[in-house]
Amino acid sequence: QVQLVESGGGLVQAGGSLRLSCAASGSIFSINAMGWYRQAPGVQRELVAAITSGGSTNYADSVKGRFTISRDNAKNTVYLQMDSLKPEDTAVYYCNAGVRCLNGSWGVYWGQGTQVTVSS
């Protein structure tokens, strides 16, 4: 079994910064891509940013230039540095990871979500 645990959410004023972390643990052989998604009330979950095991990244247009995704492969951890936050960034943020388990199986796993609230 694989678990993803997020941390770092909270309340911040517009223009401020937050750093989210997501640590994967369990029966992990390797991790392929890792990503951050977000979901606001009444809105479909959307991709915010993703990063491959080799470090290639892609971002939603709405966060380009403001958010930075990174990962520490030795720690099975992905980060999301969020700067110049806007009220429209308010959402529950979820991390996910494509994991090859020790038993050879592949799966996509999700964290429980962390709330980010940006006040105007």
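Residues numbered from 1 in each chain as written. Predicted model: local features only at pLDDT ≥ 70, side-chain atom pairs only at ≥ 80, totals over all residues. Heavy atoms only, no water.

(A) Fine view of the overall build of the protein. Scanning the protein for helices and strands turns up zero helices and 11 strands. When the helices and strands of the protein are listed from N to C terminus, the series reads β-β-β-β-β-β-β-β-β-β-β. Its C-alpha atoms give the protein a radius of gyration of 14 Å, near enough to 14 Å, the size a compact globule of 120 residues would have. Each of the 120 residues in the protein was classed as buried or not, and the buried ones make up 41%. Within the protein, contacts between residues separated by at least 24 positions form 55% of all contacts whose residues are at least 6 apart in sequence. Of the roughly 6,100 Å² of accessible surface on the protein, a fraction of 49% belongs to carbon and sulfur atoms. Here the protein contributes 9 positive and 7 negative side-chain charges, whose respective centroids are spaced 6 Å apart. (Helix = DSSP H or I, 4+ residues; strand = E, 2+ residues; numbered from the N terminus. Rg over C-alpha atoms; globule rule 2.2 N^0.38 Å. Buried < 20%, exposed > 50% of the residue type's maximum accessible area, 1.4 Å probe, protein only. Contact = heavy atoms within 4.5 Å. Areas by Shrake-Rupley, 256 points an atom, 1.4 Å probe, with all protein chains shown as cover. Lys, Arg positive; Asp, Glu negative; His and termini not counted. Charge placed at Lys NZ, Arg CZ, Asp CG, Glu CD.)

(B) Molecular detail of the side chain of arginine 38. Here arginine 38 lies in strand 4 (residues 28-39). A residue is classified by how much of its surface remains accessible, and arginine 38, at 7% relative accessible area, is buried. Here serine 62 takes part through its side chain, which lies 3.4 Å from a polar atom of the side chain of arginine 38. (Polar contact = N/O pair within 3.5 Å; in protein donor to acceptor, adjacent residues only side chain to side chain.)

(C) View of the packing of aromatic side chains. One pass over the full model with this rule turns up one aromatic pair. One Lys or Arg, arginine 19, reaches over the ring of tyrosine 79 and ends 4.1 Å from the middle of that ring. The lysine or arginine in question, arginine 45, covers the ring of tryptophan 110, its NZ or CZ lying 4.8 Å from the ring centre. (Phe/Tyr/Trp six-rings, centres within 6.5 Å; stacked < 30°, edge-to-face > 60°. Lys NZ or Arg CZ within 6 Å of the ring centre and 35° of its normal.)

(D) Representation of the sheet that holds strand 8 (residues 77-82). If you trace the four strands from one edge of the open sheet to the other, you get 1-3-8-7, paired in antiparallel fashion. The sheet is open, and its two borders are formed by strand 1 (2-7) and strand 7 (67-72), each paired with just one other strand. The average undirected angle you get between the axes of adjacent strands in this sheet is 15°. As paired strands, strand 3 (residues 18-26) and strand 8 are joined by six bridges and run antiparallel to one another. Residue pairing for strand 8: serine 21 is matched across the bridge by tyrosine 79. (Pairing = 2+ DSSP bridges. Axes fitted to C-alpha atoms, helices over the stretch in contact; angles between N-to-C directions.)

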